[in-house]
Amino acid sequence: MSRPIRSLAAVACSCALLVACAIPPKADLPALRSEAPLAGLAVPAQGQWPDAHWWKSFHDPQLDALEERALAASPDLAQAQRRLETMLQTVESARAGAGLAAQGTLQAQRQRLSENGLIPPRFLGFTWYNQADLNAQFRYDFDFFGKTRAAVEGALDQARAAAAERSAASVALTAAVADTYYGWQADQARLALAKDSQSRLVRLGELAKKRIARGIDRPDALHQTEQKIAAARELQAAYAGSAQLRLAALAALLGVSPAQLPALVARPLPNIDQHLPDAVGIDLIARRPDIAAARWRVEAALRQTDQVRAQFYPDISLGGMIGLQSLDLDKLFSAGSRTLGFGPALHLPLFERTQLKAAWGVSKAQLEAAAAQYDASVVNAARDVATQALLLEQTRARRSERQGQLDAARSLQQLADARSREGVADARAEFLAQIEVLQQRDALATLDAQAISNRIGLIKALGGGWQRDVDPAITTLPNASAQEPAR
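Residues numbered from 1 in each chain as written. Predicted model: local features only at pLDDT ≥ 70, side-chain atom pairs only at ≥ 80, totals over all residues. Heavy atoms only, no water.

1. Things to note about the overall build of the protein
Note the cut-off: Runs of E in the DSSP output that reach at least two residues are strands. Runs of H or I that reach at least four are helices, and both are numbered from the N terminus. Partly exposed residues are those whose accessible area sits between 20% and 50% of the maximum for their type, while under 20% is buried and over 50% is exposed, using a 1.4 Å probe and protein chains only. The contact rule is simple, with two residues in contact once any of their heavy atoms fall within 4.5 Å. All accessible areas in this document rest on Shrake-Rupley with a 1.4 Å probe, and a residue is counted as covered only by the protein chains that are shown.
Each helix and strand counted, the protein has 11 helices and 4 strands in total. Across the 487 residues that make up the protein, the buried fraction comes to 40%. A separation threshold of at least 6 residues defines the contact pool for the protein, and within that pool the share at least 24 residues apart is 85%. Working note: accessible area of the protein is about 26,700 Å², and carbon and sulfur atoms make up 54% of it.

Here is the structure:
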């Protein structure tokens, strides 16, 4: 190190010692939740965590194709990807401001001197002259107090948060596609039951007409049957309309028009797993991308406090310039046209204390706000898991009772069919028993659809198979091998 630089460093250290009493202490990471509050949740455990392609567990090729298409072309996911790319450019911008900076200048001009100026041309012997400059300027900032390093690390943390948010958008997208698809499947199942019920009601109405024509029954029985037929048709219209709305929603999720959706075929609703994973409260924090994003925001806010604190210290840089300058273009590249400059620079924030203290207070407040947002994310995640798990357990209990009602209705139908075959009773009791079975099946299909929706919601609440150490959006970031934030 040359003598001017050593002298400048000595002056900087002396000034730093003089103002050290005004430098705030280094900020510590706030206390953060290390576990989601899920202890004592009365739901079955010993389940499995969802994997990254959790929808394949439903064994439905139609759903697999829809999910792949959504992940490839969804506008919501594309928007999240653009945010990530913006943050990656921010990282590069922060890096560009660190270390050595260089720029070159080339300038050539022809200028006429004023005949009435400070030096009249008659004394110089010329009126027009050429001016050419060719130089390169260099500047190196010594980041002794870590301001630039904190800026780069903060930008990296923000980029990692954007990557986690993109993963959260992906989880939300796949869950929405599956939920909408199985909602459509449930509409198809209930629509088929409503049509079957209507056909039996029509036959019951025909029987009522015959009995009325023979004077056995009064017209009231026919009117009651017609009322039930109209109600069955209303249900069909409702289910058909609901199915169309779900197709429109599905098309929007895929970023296409409803006409561009593939032809879907009605399939039986799948059976689902109703168990929670073990130690869900502890492991949930590492499996929710929105929690990871909130944690990276805390780390970025902590780096921001380091950056502001470093501004209390002096800035030391080393600058230089080398180039060529000549009034005669023919002599620009001669040895005598060379110019050279070199020297250190020191910036002391002696008269910026008020602004720096205000910036420090803002950064501290932002750090506390980021920590509060992280804790809120953990609590909200726990609430999502608890809500979906309890709804799933409630639906399971209701379905068990509804299955008992369906079994009883089927037993009654068998008795009615036997009486009708033996001639003990007419066909009315048989039709009514069949309609009751269809109504119970419709109620059971509703609960099955609700259970699937709750299961998909639970998968989403459990993070949708996301894991920080295998997320490609994070592992491809610059310096992705840097240490993960401490928990």
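2. Quick word on the environment of Ala-232
Along the chain, Ala-232 turns up in helix H6 (residues 220-254). Measuring from C-alpha to C-alpha, the distance between Ala-232 and Leu-193 comes to 9.6 Å, with 39 residues separating the pair along the chain. Here Ala-232 is in contact with Ala-194, Gln-198 and Leu-201, once residues within four sequence places are set aside.

3. Section: the environment of Asp-133
Following the sequence through the fold, Asp-133 ends up in strand S2 (residues 128-142). Considered as a pair, Asp-133 and Leu-106 are 27 residues apart in the sequence and their alpha carbons are 5.8 Å apart. Apart from residues no more than four positions distant in its own chain, Asp-133 is found in contact with Thr-105, Leu-106, Gln-107, Leu-324 and Gln-325.

4. Some remarks on the packing of aromatic side chains
Counted only if it meets this: Pairing of aromatic rings covers Phe, Tyr and Trp, the last counted by its six-membered ring, and requires centre-to-centre distances within 6.5 Å; plane angles under 30 degrees mean stacked, over 60 mean edge-to-face, and any other angle means tilted.
If you walk through the whole model with that rule in mind, you get 4 aromatic pairs. Ring centres 5.6 Å apart and planes at 80° place the aromatic pair Trp-54 and Trp-55 in the edge-to-face group. Of the two residues, Trp-54 and Trp-55, neither departs from the other in class, the shared state being buried. With a centroid separation of 6.4 Å and 85° between ring planes, the pair formed by Trp-54 and Phe-58 is classed as edge-to-face. When its relative accessible area of 4% is taken as the criterion, Trp-54 is described as buried. Within the aromatic cluster, the residues linked to one another by ring pairs are Trp-54, Trp-55, Phe-58, Tyr-181 and Tyr-182.

5. With respect to a nonpolar patch on the surface
Quick note on the threshold: The patches described consist of residues with a relative accessible area above 30% and no salt bridge, like charges being joined within 9 Å and nonpolar side chains (Val, Leu, Ile, Met, Phe, Trp, Tyr) within 5 Å. Salt bridge, as applied in this entry: a Lys or Arg side-chain nitrogen positioned within 4 Å of an Asp or Glu carboxyl oxygen.
Among the surface-exposed residues, Leu-118, Ile-119, Phe-123, Leu-124 and Phe-126 lie close enough to one another that they form a single nonpolar patch of about 580 Å² accessible area. In this structure, Leu-124 sits in helix H4 (residues 121-124).

6. Brief notes about the packing of helix H2 (residues 61-73) against helix H5 (residues 147-213)
What counts, and what does not: Orientation is described by axes fitted as lines to C-alpha atoms, over the contacting stretch for helices, and by angles from 0 to 180 degrees between their N-to-C directions. Each crossing gets its hand from how the near helix is turned against the far one by less than a right angle, where anticlockwise is left-handed and clockwise is right-handed.
Where H2 contacts H5, the axes come no closer than 10 Å and their chain directions differ by 145°. H2 and H5 meet at a crossing whose hand is right-handed. Where H2 abuts H5, its residues Gln-62, Leu-63, Leu-66, Glu-67, Ala-70 and Leu-71 lie against Ser-170, Leu-173, Thr-174, Val-177, Ala-178, Tyr-181, Tyr-182 and Gln-185.

7. What about the side chain of Asp-442?
With respect to the helices, strands and loops of the structure, Asp-442 is situated in helix H10 (residues 427-461). On the basis of relative accessibility, which here comes to 15%, the residue Asp-442 falls in the buried class. Not counting chain neighbours up to four residues away, the residues in contact with Asp-442 comprise Arg-190, Leu-193 and Tyr-239.

8. Observations regarding the nonpolar core
The test is simple: Among buried residues, those of type Ala, Val, Leu, Ile, Met, Phe, Trp, Tyr and Cys that are joined through side-chain atoms within 4.5 Å constitute a nonpolar core.
With 36 residues, the main nonpolar core has Leu-38, Leu-276, Leu-284, Tyr-374, Val-385, Leu-458 and Leu-462 as its most contacted residues. For this core, the elements supplying multiple residues, two or more each, are helix H8 (289-310), helix H9 (353-422) and H10. Sorting elements by how many residues they give to this core places H9 first, with 13 residues. Apart from residues no more than four positions distant in its own chain, Tyr-374 is found in contact with Leu-32, Arg-33, Ile-285, Ile-291, Ala-294, Arg-295 and Val-298. One finds Ala-178, Leu-247, Ala-251 and Leu-261 within the second-largest nonpolar core, a separate group that totals 25 residues.

9. Describing the layout of surface pockets
Rolled over the atoms, a probe sized like a water molecule indicates the empty space that remains. The cut-off we apply is this: Buriedness for pockets is judged along seven lines, at least five of which must meet protein on both sides within 12 Å for an open set on the 1 Å grid over protein atoms alone, while cavities are sets there where a 1.4 Å probe fits but cannot get out, and lining residues have an atom within 4 Å of a point. Grid points are joined across faces, edges and corners, and a volume is the space filled by probe spheres set on the points. Ten residue types, Ala, Val, Leu, Ile, Met, Phe, Trp, Tyr, Cys and Pro, are classed as nonpolar, four, Asp, Glu, Lys and Arg, as charged, and the remainder, Gly among them, as polar.
When its volume is computed, the largest pocket comes out at roughly 490 Å³. Pro-268, Leu-269, Arg-399, Ala-445 and Asp-448 are, among the 22 residues lining the largest pocket, the residues nearest its centre. Elements with a minimum of two residues in the lining of the largest pocket: H5, H9 and H10. It is H10 that provides the largest number of residues to the lining of the largest pocket, a total of 6 residues. Residue composition of the lining of the largest pocket, by class: 12 nonpolar, 4 polar and 6 charged.

10. Let's talk about the confidence of the model for the protein
Worth spelling out the cut-off: In predicted models, pLDDT denotes the confidence assigned by the predictor to each residue on a 0 to 100 scale.
Here the protein averages 82 in pLDDT, and 87% of its residues register 70 or above. By mean pLDDT, helix H11 (residues 472-475) is the weakest element of the protein at 51, and H2 is the strongest at 91. pLDDT under 50 marks residues 480-484. Its contacts with residues more than four places away, or in other chains, come to 6 contacts.

11. Re unusual backbone geometry
Its identity is not glycine, yet His-59 carries a phi of approximately 55°, on the positive side. Mapping His-59 onto the fold places it in the loop between helix H1 (3-19) and H2. For Ala-279, which is not a glycine, the phi torsion comes out positive at approximately 50°. Within the secondary structure, Ala-279 sits in the loop between H6 and helix H7 (280-283).

12. Some points on the pattern of salt bridges
All told, the structure shown has 15 salt bridges when counted by the stated rule. Note that Arg-297 is salt-bridged to Glu-165, the shortest N-O span being 2.9 Å. Residue Arg-297 is found in helix H8, and its partner Glu-165 is found in helix H5; the two are separated by 132 residues along the sequence. Residue Arg-399 pairs with Asp-448 through a salt bridge whose shortest N-O separation is 2.4 Å. One end of the pair, Arg-399, is in helix H9; the other, Asp-448, is in helix H10, with 49 residues separating them in the sequence. Because the salt bridges share partners, they merge into one network encompassing Lys-26, Glu-153, Arg-295, Glu-299, Arg-303 and Asp-306.

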